[in-house]
Amino acid sequence: MGACVCRMNPDNETMSVSSASISRPASAGEWPSSASLASPAASISVINLIFPTTGIAMGAARKNRPLCHETIRWRSDVPLTEGQLRSKRDEFWDTAPAFDGRKEIWDALRAATNAAEGLDFQMAQAILDGANISVPNGYLTECYDELGTQYKVPIYCLSYPINIVKEENGRDSPAEYSEPVDGGTEIFLKLRISSTMTDVKLPVYSKDTVGQCKKKLQAAENVDACCQRWFYSGKLLGDKVPIDECSIHQGYVVQVIVNTEHYNHDNSTSTAHTLAS
């Protein structure tokens, strides 16, 4: 008869099959005849006709967007210290692969998350592309692998809350800031501070921990140590890790991400107490 059967699939794309391939449109729930499955294109269209509400879209690629180059701002219902947040993150990354998804995809998501938090979005995007991970909304909160499995990364793994609590556990004591007995060799770290986008050369010792180096940067640049997060090669450097174990190459930049919201909140609170007194 020369007529065509046309309908809109869930992605608003028109699909048509000529009557030469399908003798008549199949109604919902009715199986087509063998003649109607003469070609792959006809088969796909017939499946969409039979199951109009199931969301089946064989061969259709999932939508993907580039990773958004911005940090998600959020507030924790229960204020957390930096140590509590790190423990919460470690617990999630250690247990997530046991419930759903593939471990190699979770590992890639963790690496991409660390890179993005260190503002190395190019590295994060390269990790996602290499693992064939799609990000429909541009954020790592919802991701899919090439098989269509969904992966959800909680927001506390993507950025620090704006109400993170300053730790008062003796980190300001002179004992921690003092040099160790065996300080190792003196080296210079090239630090890039996110709040000012300036590079600073900080003299430290190879046996210093990252936490001790943060204190030195606080004394040199007046940046509160509790507001600093150090990243190198897309990885977060823990406070207890010695510098000589961070594998920092000479002349390479260590990204220092400053939580300015928390820093400004502390300053405003201190100013308010001073004025009140």
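See the structure shown above.
Here is a short report on the structure shown in this document. (Residues numbered from 1 in each chain as written. Predicted model: local features only at pLDDT ≥ 70, side-chain atom pairs only at ≥ 80, totals over all residues. Heavy atoms only, no water.)

Let's talk about the environment of threonine 185
So the rule is basically this: What counts as a helix is a DSSP run of H or I of at least four residues, what counts as a strand is a run of E of at least two, and both are numbered from the N terminus. The contact rule is simple, with two residues in contact once any of their heavy atoms fall within 4.5 Å.
Take threonine 185: it is sitting in the loop between helix 5 (174–177) and strand 5 (186–193). Each C-alpha atom, one on threonine 185 and one on aspartate 244, is 9.6 Å from the other, the two residues being 59 residues apart in sequence. Once residues lying within four places of it in the same chain are set aside, the contact partners of threonine 185 are Val204, Tyr205 and Ser206.

So, the packing of helix 3 (residues 103–117) against helix 4 (residues 121–130)
Relative orientation and spacing of two packed helices are given, respectively, by the angle between their axes and the distance between those axes. What counts is decided by this rule: Under this scheme, a helix contributes an axis fitted over its contacting stretch, all axes are lines through C-alpha atoms, and angles between N-to-C directions fall in the 0 to 180 degree range. Roughly parallel covers angles under 35 degrees, roughly antiparallel covers those over 145, roughly perpendicular covers 65 to 115, and oblique covers all other angles. Whether a crossing is left-handed or right-handed is set by the direction in which the near helix is turned from the far one by less than a right angle, anticlockwise for left-handed and clockwise for right-handed. Three classes are used: nonpolar for Ala, Val, Leu, Ile, Met, Phe, Trp, Tyr, Cys and Pro, charged for Asp, Glu, Lys and Arg, and polar for all others, with Gly counted as polar.
One way to put it is that helix 3 packs onto helix 4 with a least axis distance of 7 Å and a crossing angle of 165°. Judged by the inter-axis angle, helix 3 sits roughly antiparallel to helix 4. Viewed along their axes, helix 3 and helix 4 form a crossing whose handedness is left-handed. Residue-level inspection shows Ala108, Leu109, Ala111, Ala112, Ala115 and Ala116 of helix 3 in contact with helix 4, the latter providing Phe121, Met123, Ala124, Ile127 and Leu128. When the residues that make up the contact of helix 3 with helix 4 are grouped by side-chain class, the tally is 11 nonpolar, no polar and no charged.

Remarks on the nonpolar core
The cut-off we apply is this: As used here, the term nonpolar core means buried Ala, Val, Leu, Ile, Met, Phe, Trp, Tyr and Cys residues forming a set that is joined through side-chain atoms within 4.5 Å. Only protein chains enter the accessibility calculation, which uses a 1.4 Å probe; a residue whose area is less than 20% of its type maximum is buried, one above 50% is exposed, and one in between is partly exposed.
In terms of nonpolar packing, the biggest core is built from 30 residues, with Leu109, Leu128, Ile133 and Leu140 touching the most fellow members. Of all elements in the fold, only helix 2 (82–99), helix 3 and helix 4 reach the threshold of two or more residues within this core. The residues touching leucine 109, leaving out its near neighbours within four places in the chain, are Trp93, Leu128, Ile133, Leu140, Cys143, Tyr151 and Val153. Residues Leu191, Leu202, Val204 and Leu237 belong to the second largest nonpolar core, which totals 20 residues.

Looking at the pairing of strand 6 (residues 198–205)
Each regular strand displays side chains that alternate between the two surfaces of the sheet. Threshold: The rule for pairing is simple: two strands pair if DSSP sees at least two bridges between them.
Direction of pairing for strand 5 relative to strand 6: antiparallel, over a ladder of eight bridges. The partner of isoleucine 187 across the bridge, within strand 6, is valine 204. Joining the antiparallel neighbours strand 5 and strand 6 is a turn of four residues, in which methionine 197 adopts a positive phi near 55°.

Quick look at the pattern of salt bridges
To keep it simple, the criterion reads: Whenever Lys or Arg places a side-chain nitrogen within 4 Å of a carboxyl oxygen from Asp or Glu, that contact is recorded as a salt bridge.
A full pass over the atoms with the stated rule returns 13 salt bridges. Notably, a salt bridge pairs glutamate 104 with arginine 102, separated by 3.5 Å at the nearest N-O pair. Salt-bridge contacts for aspartate 239 lead to lysine 214; the nearest nitrogen and oxygen are separated by 2.7 Å. Placement of aspartate 239 in the loop between strand 8 (235–236) and strand 9 (253–258) and of lysine 214 in helix 6 (residues 210–221) is noted, with a sequence separation of 25 residues between them.

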